[in-house]
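# Examining the three-dimensional arrangement
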Amino acid sequence: MIDKINELLRQVEEFRPRAAAEIEEFRIRMLGKKGELTALMEEFKGVAPELKRELGQRLNGLKSETLARINALREELQNTAGERAAADDDLTRPGTAEELGSRHPISLVRNRIVEVFSRLGYTVAEGPEIEDDRHVFTKLNFPPEHPARDMQDTFFIERRGEEPAPDDILLRTHTSSIQVRTMERQRPPIRVICPGRVFRNEAISYRAHCIFHQIEGLYIDEGVSFADMKQSLLYFAKEIFGEQARIRMRPSYFPFTEPSAEVDVSCNLCGGKGCAVCKGTGWLEIMGCGMVDPNVLQASGIDPEKYSGFAFGMGIERVAMLLYGVNDLRLYFENDVRFLHQFRSAL
Ligand code: PHE
């Protein structure tokens, strides 16, 4: 039996496999149920008691030697396989390029507008999209039966009754509600710019959508005049559309401003000569504005005898369409990457 053990030990030491399968074969031949070692263990049972001690030790030695050798060989084989694979890699090949995302054009335009007004001292204010009637209409001087409430088709979430009530819950139809919230908690001087998503119940087409983005501004202080407003909006137009841009104001109506105006900017495509985009007029409508109505100041606890201010509001999609020459509003909502990839900017 000693000879057999020594012979097997020699085999273990001399075993030189070329593949993992050979190691497994060897393991089964040595340690498997019908393997050499199992047979020896069986034989060991019949060994004379005085030989048991020595033979037992040798047998155990053989077993641990076999296991250690098998594990070492497996590891060695794995490492050389890894090295061979690494040697196959061509390190001079160009790497796989990472896809870079781009900002959504609406965000780009919003950031640009915010940046222009922040240079004039405006800070950004935000507010909830789910609002109450009080902040969207009542405190902005829309009486319950005022026809101007029909100007905006509202998505209602909760109505108190047939008649409009300040506690009705709705999706904001303009970001003027943020201006109300600012006036409630802040005393003049106030200079805020309010970007955000707004909702109106309109059929979706190339020129209208039920969701869009607005950016509105509010400036309240002692002695703020219509001339201040005009100068600020002219500065905005030149910064966004270029030094050659001009603006004009046409009388208009909003419940929350008096007097009110519609602002047009000279068409940046034809330079004011008249083209398809400006429908031959040379002018493009971009925003509404006006001097804040004294009732609106009063409703939020600001003394209209002491303070005055102006407000303005525009659609971000509208500005984006004019800037980028995009003529279908729906493109901004479909998130087609072929469209989005065309807008790259550092902002
Ligand atoms: N809130 C108006 C709208 O949604 C825009 C506006 C804002 C007009 C401020 C005048 C002053 O159409």
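Anything mentioned here points back to the structure above.
Residues numbered from 1 in each chain as written. Predicted model: local features only at pLDDT ≥ 70, side-chain atom pairs only at ≥ 80, totals over all residues. Heavy atoms only, no water.

## With respect to the sheet that holds strand 3 (residues 156-158)
The strand order 2-4-3 describes an open sheet built from three strands, whose pairing is antiparallel. Either end of the sheet is taken by a strand with one partner, and the two such strands are strand 2 (130-132) and strand 3. Strand-to-strand, the axes of this sheet are offset by a mean angle of 35°, without reference to chain direction. Bridge count between strand 2 and strand 4 (residues 169-171): three bridges; the pairing is antiparallel. Within the sheet, the bridge partner assigned to E131 lies in strand 4 and is L170. (Pairing = 2+ DSSP bridges. Helix = DSSP H or I, 4+ residues; strand = E, 2+ residues; numbered from the N terminus. Axes fitted to C-alpha atoms, helices over the stretch in contact; angles between N-to-C directions.)

## Brief notes about the pairing of strand 9 (residues 283-292)
Regular strands place side chains that alternate from one sheet face to the opposite one. Along strand 9, nine of the 10 residues are buried, which leaves the element largely enclosed by surrounding structure. Strand direction decides the pairing type here: strand 8 (residues 257-266) and strand 9, joined by eight bridges, are antiparallel. If you follow A261 over to strand 9, its bridge partner there is C289. Where strand 9 meets strand 10 (residues 308-315), five bridges bridge the pair, whose relative direction is antiparallel. Counterpart to C289 in the pairing with strand 10 is F312. (Buried < 20%, exposed > 50% of the residue type's maximum accessible area, 1.4 Å probe, protein only.)

## Digging into the pattern of salt bridges
Applying the stated criterion across every chain, the model contains 24 salt bridges. Between E239 and R119 there is a salt bridge, with its nearest N and O atoms 2.8 Å apart. Linking E239 in helix 8 (residues 226-241) with R119 in helix 5 (residues 105-119), this pair joins segments that are 120 residues apart in sequence. By relative accessible area, which is 42% here, R119 ends up partly exposed. Where salt bridges share partners, they join R248, R250, D264 and E285 into one cluster. (Salt bridge = Lys/Arg side-chain N within 4 Å of Asp/Glu carboxyl O.)

## Some details on the environment of F44
Following the sequence through the fold, F44 ends up in helix 3 (residues 36-44). Residue F44 is classed as buried on the basis of its relative accessible area, which comes to 18%. Linking F44 and T281, residues 237 residues apart in sequence, is a C-alpha distance of 110 Å. Discounting residues that sit within four places of it in the chain, F44 has contacts with M1, K52, L55, G56 and L59. (Contact = heavy atoms within 4.5 Å.)

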